[in-house]
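As a plain string of letters, each chain reads:
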Amino acid sequence: MADSMMSKAATMEIPISSNGDSRNLAEDDSLEQAAKIQWSLREKDLQQVMVSGPNLNETSIVSGGYGGTTEGIIPTSSIKGSNMHHASSNSSMTAEEATRGIAVEKFDIMKKWGLNTYKCTKQMISERFGRGSRTVDLELEAQIEVLRETKRKYENVLRLARALTNHFYSMVQTQHALGDTFADLSLKSPELRDEFGYNAETQKLLCKNGETLLGAINYFVSSINTLVNKTMEDTLMTIKMYENARLEFDAHRADLEELNMGPRDAVTMARIEAAQQQYQIHKEKYERLRSDVTIKLKFLEENKVKVMHKQLLLFHNAISAYFAGNQQQLEQTLKEFNIKLKPPGADKPSWLEEQ
């Protein structure tokens, strides 16, 4: 706008008089007026820029040079959005690669598990139908069978001892109630006071001795339960691991033997080498667990003899003293085995625990 006005001022036609004075004055006035208009316009543009300032988000980059077309203008906001898009795409690609790696690892684990399960199932079926060979340790197998038979017998002893405890506990409770009834009748029947009285004392004494015997039997039951359901069960768990290792070892041994009987090309040799490695790994595992089972069987036998010697002696002395009516001997038996009787009502929870 300022340039157009300058051009108009510069090309303005001024009438010329005969002496030339009016021409000079008119030219000076028009030039001064055009300069003032241009200065005022530049001042307004500068003030507007100082007040508002440039908007960086709307700043444009011209790619076509000065005077180029608007097709080359690229908004800076699009550049920022492009950078953010690249960053988000890179992070998403990293997450996808991590997820893909985990999935591949899980697939490999499932593949190995599937192959191992197939080989073990094949070996187990072959052994059951008498077509496959199995590794047998005759001495160890005999010891394992003895342990299983011993556990079955000890479980029967435990079941009978618990039944005896329940029945004897019922008898003691009945004696306690009968003694209370006799004592009450001795107070209400003057003519039979003495008879009811000494019967009440007898029942109370039997009840007291019965509670002492119950303490000994409960200790016997608890020890047998620990021996059967913890010590023996732990050894049987190790035996189960040993049997699984034996099955895996025989399965990989059969697989290696089958590969050795086939052709010897490059692919088969690679498979034979891999099978040889797996065979060696499972052989070491089998031998390690066989050694563990042997050691545990030895210690279990020693522990069983020690525990049963103590518990059978306790059971015999307590039963003999009770039915002989020897209260002192019964109490002495419990002291020898460090058995402490619970006071009456100790099994009941306190009022605070019931809340």
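Residues numbered from 1 in each chain as written. Predicted model: local features only at pLDDT ≥ 70, side-chain atom pairs only at ≥ 80, totals over all residues. Heavy atoms only, no water.

- Under an unreviewed UniProt entry, the chain has the name ADP-ribosylation factor interacting protein 2b and belongs to Cyprinus carpio carpio.

**A look at the nonpolar core**
Move 1: Judged by nonpolar contacts, the single largest core of 43 residues is most densely connected at Ile 144, Leu 147, Ile 239, Tyr 242, Val 293 and Leu 297.
Move 2: Secondary structure elements with two or more residues in this core: helix H4 (138-188), helix H5 (193-260), helix H6 (266-323) and helix H7 (327-336).
Move 3: Broken down by element, this core gets its largest block of residues, 18 residues, from H5. (Core = buried A, V, L, I, M, F, W, Y, C linked by side-chain atoms within 4.5 Å. Buried < 20%, exposed > 50% of the residue type's maximum accessible area, 1.4 Å probe, protein only. Helix = DSSP H or I, 4+ residues; strand = E, 2+ residues; numbered from the N terminus.)

**Some details on the packing of H5 against H6**
Move 1: At a closest axis distance of 7 Å, the pairing of H5 and H6 adopts a crossing angle of 165°. On the basis of the axis angle, H5 is roughly antiparallel to H6. Viewed along their axes, H5 and H6 form a crossing whose handedness is left-handed.
Move 2: Class assignment for the residues of the contact of H5 with H6 results in 31 nonpolar, 14 polar and 13 charged. (Axes fitted to C-alpha atoms, helices over the stretch in contact; angles between N-to-C directions. Parallel < 35°, antiparallel > 145°, perpendicular 65-115°, else oblique. Left-handed = near helix turned anticlockwise from the far one by under 90°. Nonpolar A, V, L, I, M, F, W, Y, C, P; charged D, E, K, R; others polar.)

**What about the side chain of Thr 165?**
Move 1: As for its placement among the helices and strands, Thr 165 is situated in helix H4.
Move 2: Here Thr 165 falls in the buried class, since its relative accessible area comes to 10%.

**As for the confidence of the model for the chain**
Move 1: In the predicted model, the chain carries a mean pLDDT of 77, and the fraction of residues at 70 or more is 70%.
Move 2: When mean pLDDT is compared element by element in the chain, H4 scores highest at 94, while strand S1 (residues 60-62) scores lowest at 41.
Move 3: Low confidence marks residues 1-28, where pLDDT is under 50. Its contacts with residues over four positions away, or in another chain, come to 15 contacts.
Move 4: Within the model, the stretch residues 349-355 combines pLDDT values under 50 with 1 contact to residues more than four positions away or in other chains. (pLDDT = per-residue confidence, 0-100. Contact = heavy atoms within 4.5 Å.)

**Notes on the UniProt feature "coiled-coil region" (unreviewed entry) in the chain**
Move 1: This chain's UniProt record puts "coiled-coil region" (unreviewed entry) on residues 137-164 and 272-303.
Move 2: Helix makes up 96% of residues 137-164 and strand 0%, with an end-to-end C-alpha separation of 41 Å.
Move 3: Taken end to end, residues 272-303 is 100% helix and 0% strand, and its two terminal C-alpha atoms sit 46 Å from one another. (UniProt positions renumbered as here; feature names shortened; annotations may be inferred.)

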